Amino acid sequence: MNTLRTVTLANGKQSTILLADDLKDLSSHLGNYGRSVLWVFDTNTAKLFKQLPPVHVVLESGESSKNFVSLERILFAAMDEGLGRDGRIIGFGGGVVCDMAAFAASVYMRGCHLTLVPTTLLCMVDASVGGKAAIDFRGLKNMVGSFYPADEILISFDTLRTLSEKEFLNGLAEVIKHALLSQDEELYKLLLTKKNEILARDSETLQRLLDLSLAVKIWYIEQDPTETLGIRQMLNLGHTFGHALESSSHFGLFGHGSCVAWGTGRALEAGVSLGVTEKAYASGATKLFKSYGYNMDYRIGRGDWIDFREHLSKDKKKEAGKVLFVLLEGQGKAILKPLEIQTVQHLVIAKPIF
Ligand SMILES: NC(=O)c1ccc[n+]([C@@H]2O[C@H](COP(=O)([O-])OP(=O)(O)OC[C@H]3O[C@@H](n4cnc5c(N)ncnc54)[C@H](O)[C@@H]3O)[C@@H](O)[C@H]2O)c1
């Protein structure tokens, strides 16, 4: 077990990110916590264990489990087991399981210990790190939640063996986004030169990818742990356009990662059209996404525009009634800018400019 990184968040609370050699190494580390633990899985991640630990909750896989019913199930199980404040909740799964486990840990007896074991690439590079925990409420994503960083985040690439190609690419889109937001070009270069190794999920390359990607997320969140200073928001690059596409196509057309990739493409084009982003930089970044198979040329039909605009207007980042978008002035230089609705319409409907 190696310590990969340490993250310091609000009130000086620290999360340690550990990389396990394999699942056995991971299990023996967690075995040291003895019996005062409650594990949270979903129906897919539970399959990674031949025999589940004695005290566990298995949630139905998927976003629809991020709700009060799941929260109650975890809290019931914790109480039934007599877990104290010094007890530990272990979330073993993707972003859904980790968000649920973290939210439950944040409210159980006003906060108990929390370990997250992310088992999707997206959760390894993004969801498990940074302390955001939430459930969806009244049809809106992440409406009710808290900031509650895990004491430790345990990663084993063994868990990725069963992850589908689609889910792997969901996470990779966030990694490419991190590469554009990075203060240096190391991650960008790794993505350019090691595509085959990355797609083949070669452990050594994944370790480098994970480390560089985490460094970017940590750079933004440590400066703005509770997202109040306008720094952490920059990690939303591609998400404003992406979420509107994801919601307006009713979560069916593209996966989350493909929407983020597509949204980043639109943000780059917006930057070029406003004279904020250099055309060569935008075109290079778009090519990088395309090389990993993301559909950057997709445009919504004119008939879908009203629905798209409706979803866009629900975005939380607003200034004087206008939605704010993260744009790039160049490598690692993100800014927040309002866009005219006509500009947005043109960007999502008109033919690609690269
Ligand atoms: N807290 C944060 O900062 C943060 C950041 C980003 C995303 N999120 C949240 O994360 C969620 C998305 O996370 P996700 O993409 O990991 O989704 P997910 O947890 O739904 O996992 C995706 C799918 O992969 C399956 N799965 C997970 N691990 C597997 C494995 N090793 N082998 C086989 N199948 C496996 C799951 O059962 C699920 O079907 C969203 O709810 C989002 O809001 C939170």
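Rules used throughout
Residues numbered from 1 in each chain as written. Predicted model: local features only at pLDDT ≥ 70, side-chain atom pairs only at ≥ 80, totals over all residues. Heavy atoms only, no water. Pairing = 2+ DSSP bridges. Helix = DSSP H or I, 4+ residues; strand = E, 2+ residues; numbered from the N terminus. Salt bridge = Lys/Arg side-chain N within 4 Å of Asp/Glu carboxyl O. Buried < 20%, exposed > 50% of the residue type's maximum accessible area, 1.4 Å probe, protein only. Core = buried A, V, L, I, M, F, W, Y, C linked by side-chain atoms within 4.5 Å. Domains from an automatic or database assignment. Contact = heavy atoms within 4.5 Å. Phe/Tyr/Trp six-rings, centres within 6.5 Å; stacked < 30°, edge-to-face > 60°. Axes fitted to C-alpha atoms, helices over the stretch in contact; angles between N-to-C directions. Parallel < 35°, antiparallel > 145°, perpendicular 65-115°, else oblique. Nonpolar A, V, L, I, M, F, W, Y, C, P; charged D, E, K, R; others polar. Near = heavy atom within 4 Å. Polar contact = N/O pair within 3.5 Å; in protein donor to acceptor, adjacent residues only side chain to side chain. Areas by Shrake-Rupley, 256 points an atom, 1.4 Å probe, with all protein chains shown as cover. Buried area = accessible area lost by both parts, 1.4 Å probe.

1. A few points about the sheet that holds strand β12 (residues 333-338)
Strands pair in a sheet through their backbones, by hydrogen bonds, and they do so in one of two ways: parallel or antiparallel. Pairing is antiparallel across the open sheet formed by three strands, whose spatial order is β10-β11-β12. Lying at the two open borders of the sheet, with one neighbouring strand each, are β10 (318-319) and β12. Sheet analysis places β10 next to strand β11 (residues 322-330), joined by two bridges and oriented antiparallel. Directly across from Glu-319, in β11, lies its bridge partner Lys-322.

2. Comments concerning the pattern of salt bridges
Counted under the stated rule, the structure contains 15 salt bridges. The residue Arg-5 makes a salt bridge to Asp-211 at a minimum N-O spacing of 2.8 Å. With Arg-5 in strand β1 (residues 2-8) and Asp-211 in helix α8 (residues 203-223), this pair connects stretches of sequence that are 206 residues apart. For Asp-211, a relative accessible area of 15% corresponds to the buried category. Of the charged contacts, one joins Asp-151 and Arg-88 as a salt bridge, the two residues approaching to 3.1 Å between their closest N and O atoms. One end of the pair, Asp-151, is in the loop between β8 (140-147) and β9 (152-155); the other, Arg-88, is in strand β5 (residues 88-93), and 63 residues separate them in sequence. Here the salt bridges share partners, and the residues they tie into one network are Glu-63, Lys-66, Asp-99 and Lys-141.

3. Looking at the nonpolar core
A general tendency of soluble globular proteins is for nonpolar side chains to be buried together. Counting residues in hydrophobic clusters, the biggest one holds 103 residues, and the most contacted among them are Ile-89, Leu-191, Phe-241 and Phe-308. Looking at this core, the element that brings in the most residues is α8, giving nine residues. The residues that make up this core include at least three from each of domain 1 (2-163) and domain 2 (166-349). In this structure, Phe-308 is in contact with Phe-241, Ala-244, Leu-245, Ser-248, Trp-262, Ile-300, Val-344 and Val-348, ignoring residues within four places of it in sequence.

4. Some points on the packing of aromatic side chains
Across all of its chains, the model carries 14 aromatic pairs by this definition. When the centroid spacing of 6.4 Å and the interplanar angle of 65° are considered together, the rings of Trp-262 and Tyr-298 count as edge-to-face. Here the residue Trp-262 occupies a position in helix α10 (residues 256-273), and Tyr-298 occupies one in the loop between α11 (279-291) and α12 (305-312), the gap between them amounting to 36 residues. Ring centres 6.0 Å apart and planes at 25° place the aromatic pair Trp-305 and Phe-308 in the stacked group.

5. Comments concerning the packing of helix α5 (residues 165-181) against helix α6 (residues 186-193)
Packing of α5 against α6 brings their axes to within 7 Å, and their N-to-C directions diverge by 135°. In this view, α5 runs oblique relative to α6, as classed from their interaxial angle. Facing α5, whose interface residues are Val-175, Ile-176, His-178, Ala-179 and Leu-180, α6 presents Leu-187, Tyr-188 and Leu-191. For the contact of α5 with α6, the class distribution of residues is seven nonpolar, one polar and no charged.

6. Brief notes about the site of the ligand
Taken together, 24 residues are adjacent to the ligand, and Asp-42, Glu-63, Thr-120, Thr-159 and Thr-162 come closest. In the model, a nitrogen atom of the ligand is placed 3.4 Å from a nitrogen or oxygen of the Ala-127 main chain. A distance of 2.7 Å separates a nitrogen atom of the ligand from a polar side-chain atom of Thr-162. The protein chains hide 85% of the 850 Å² of surface that the ligand would expose on its own. Put simply, the parts of the chain that give the shell around the ligand at least two residues each are α3 (95-107), α4 (121-127) and β8. Each residue belonging to the shell around the ligand can be placed in one class, and the counts come to five nonpolar, 10 polar and nine charged.

7. As for the domain arrangement of the protein
How big an interface is tends to be stated in terms of accessible area lost as the parts join. According to the domain assignment, the protein contains domain 1 (2-163) and domain 2 (166-349). Distance between the C-alpha centres of domain 1 and domain 2: 26 Å. On the side of domain 2, 28 residues touch domain 1, which itself brings 24 residues to the contact. Counting the surface lost from both domain 1 and domain 2, the interface buries some 2500 Å², and carbon and sulfur atoms represent 70% of this.

8. Digging into the sheet that holds strand β3 (residues 37-42)
Ordered by their spatial adjacency, seven strands build an open sheet running β1-β2-β9-β6-β5-β3-β4, and the pairing between neighbours is mixed. Two strands bound the open sheet, and with one partner strand each, they are β1 and β4 (56-59). Averaged over all adjacent pairs, the angle separating strand axes in this sheet is 20°, with direction ignored. Where β5 lies against strand β6 (residues 113-118), six bridges are found, and the strand directions are parallel. Looking at the pairing, Arg-88 lines up with His-113 of β6. Packing of helix α1 (residues 23-31) onto the sheet brings it into contact with β2 (14-19), β3, β5, β6 and β9, and relative to β9 it is tilted by some 155°. Those strands touched by α8 are β1, β2 and β9, and its axis lies near 15° from that of β1.

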